[in-house]
Amino acid sequence: MTAPESSSPAPNSSPLITLGHPVLRQVAQPVTSVSDGSVQQLIDELLTTVRTANGVGIAAPQLGHSLRILVIASRPNLRYPHAPLMEPTVLINPRLLSASDELELGWEGCLSVPGVRGRVPRHRAIEVEYCDRHGHPQQAVWEGFVARIFQHEADHLEGKVFLDRVQSETDLLSEEAYQAMEIATLP
Ligand code: NI
């Protein structure tokens, strides 16, 4: 989730792919061996890329790897000044256990859809299970913005992007118009 201002991924990392690349429209495959060296390297690349790109989340397909791995790394940054701070969390083979009926509209961006923001409905609260990078099963309950990040990134594993969930043309803005709106609504 999100896009950089102008920075690019760190050297030696896989390049980010953007809308139009077929991998972004594929259903990603489950990870069968978490300890595999290539899987661990990909996780490191995801963590590096989301940090250097001022992101709050990223999914493996965005680096061209059709695997069910995502990172949630919410923190306040230029793109999301009100994002809550959390330790970056790696989720392998994540699964949604439950979701609140209540939906919230919120603005999203995506590294793979540069220059566009869209307002998207998401479940307000979710419960998920996943495997961490050490191969241990984990569960988590998230709400609000972090729940939104999970749902955005999990969509990438199904070949979906946030544009697919925008309900109205007026819920799409250029990055410039979005930033102007954000500034206009600051207290
Ligand atoms: Ni995205």
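Scroll up a little and you will see the structure.
Remember, it's a predicted structure, so these values are computed and weren't measured experimentally.

Description of helix 2 (residues 144–157)
- Over its 14 residues, helix 2 extends 21 Å from the first C-alpha to the last, a length consistent with the 20 Å expected when each residue adds 1.5 Å.
- Taking burial as the measure, the 14 residues of helix 2 include twelve buried ones, the bulk of the element.
- Buried residues of helix 2: V146, A147, R148, I149, F150, Q151, H152, E153, A154, D155, H156 and L157, and no others.
- The positive-phi residue at the C-terminal boundary of helix 2 is G159, with phi of around 80°.

A look at the sheet that holds strand 4 (residues 103–108)
- Read from one edge to the other, the open sheet built from three strands follows the order 4-5-8, with strand pairing classed as antiparallel. In the strand order of this sheet, the two ends are held by strand 4 and strand 8 (172–174), each with one partner. Strand-to-strand twist of the sheet, defined as the mean angle between neighbouring strand axes without regard to direction, takes the value 25°.
- By the bridge criterion, six bridges tie strand 4 to strand 5 (residues 116–123) in an arrangement that is antiparallel.

Notes on the coordination of the nickel ion
- At the metal site, the nickel ion is ligated by C110 (SG), H152 (NE2) and H156 (NE2), and these contacts range over 2.1 to 2.2 Å.
- Spacing between the donor residues of the nickel ion along their common chain follows C-x41-H-x3-H. Of this pair, C110 sits in the loop between strand 4 and strand 5 while H156 sits in helix 2, placing them 46 residues apart in sequence.

Re the nonpolar core
- Ranked by size, the top nonpolar core spans 20 residues in total, and within it L70, I72, L91, V128, W142 and F150 carry the most contacts.
- Mapped onto this core, the elements with two or more residues apiece are strand 2 (69–72), strand 6 (125–131), strand 7 (137–143) and helix 2.
- Leaving out residues up to four positions away in the same chain, L70 has contacts with I58, A59, T89, V90, L91, P94, E153, A154 and L157.

As for unusual backbone geometry
- One non-glycine residue with positive phi stands out, namely N54, at about 60°.
- Mapped onto the fold, N54 is located in the loop between helix 1 (37–52) and strand 1 (57–59).
- The class of N54 is buried, set by a relative accessible area of 18%.
- At N93, a position not held by glycine, the phi torsion is positive, near 50°.
- Mapped onto the fold, N93 is located in strand 3 (residues 89–99).
- Here N93 falls in the partly exposed class, since its relative accessible area comes to 27%.

What counts, and where the lines are drawn
- Residues numbered from 1 in each chain as written.
- Predicted model: local features only at pLDDT ≥ 70, side-chain atom pairs only at ≥ 80, totals over all residues.
- Heavy atoms only, no water.
- Helix = DSSP H or I, 4+ residues; strand = E, 2+ residues; numbered from the N terminus.
- Expected span 1.5 Å × (residues − 1).
- Buried < 20%, exposed > 50% of the residue type's maximum accessible area, 1.4 Å probe, protein only.
- Pairing = 2+ DSSP bridges.
- Axes fitted to C-alpha atoms, helices over the stretch in contact; angles between N-to-C directions.
- Donors = N, O, S within 2.8 Å, 3.2 Å for Na, K, Ca; no water.
- Core = buried A, V, L, I, M, F, W, Y, C linked by side-chain atoms within 4.5 Å.
- Contact = heavy atoms within 4.5 Å.

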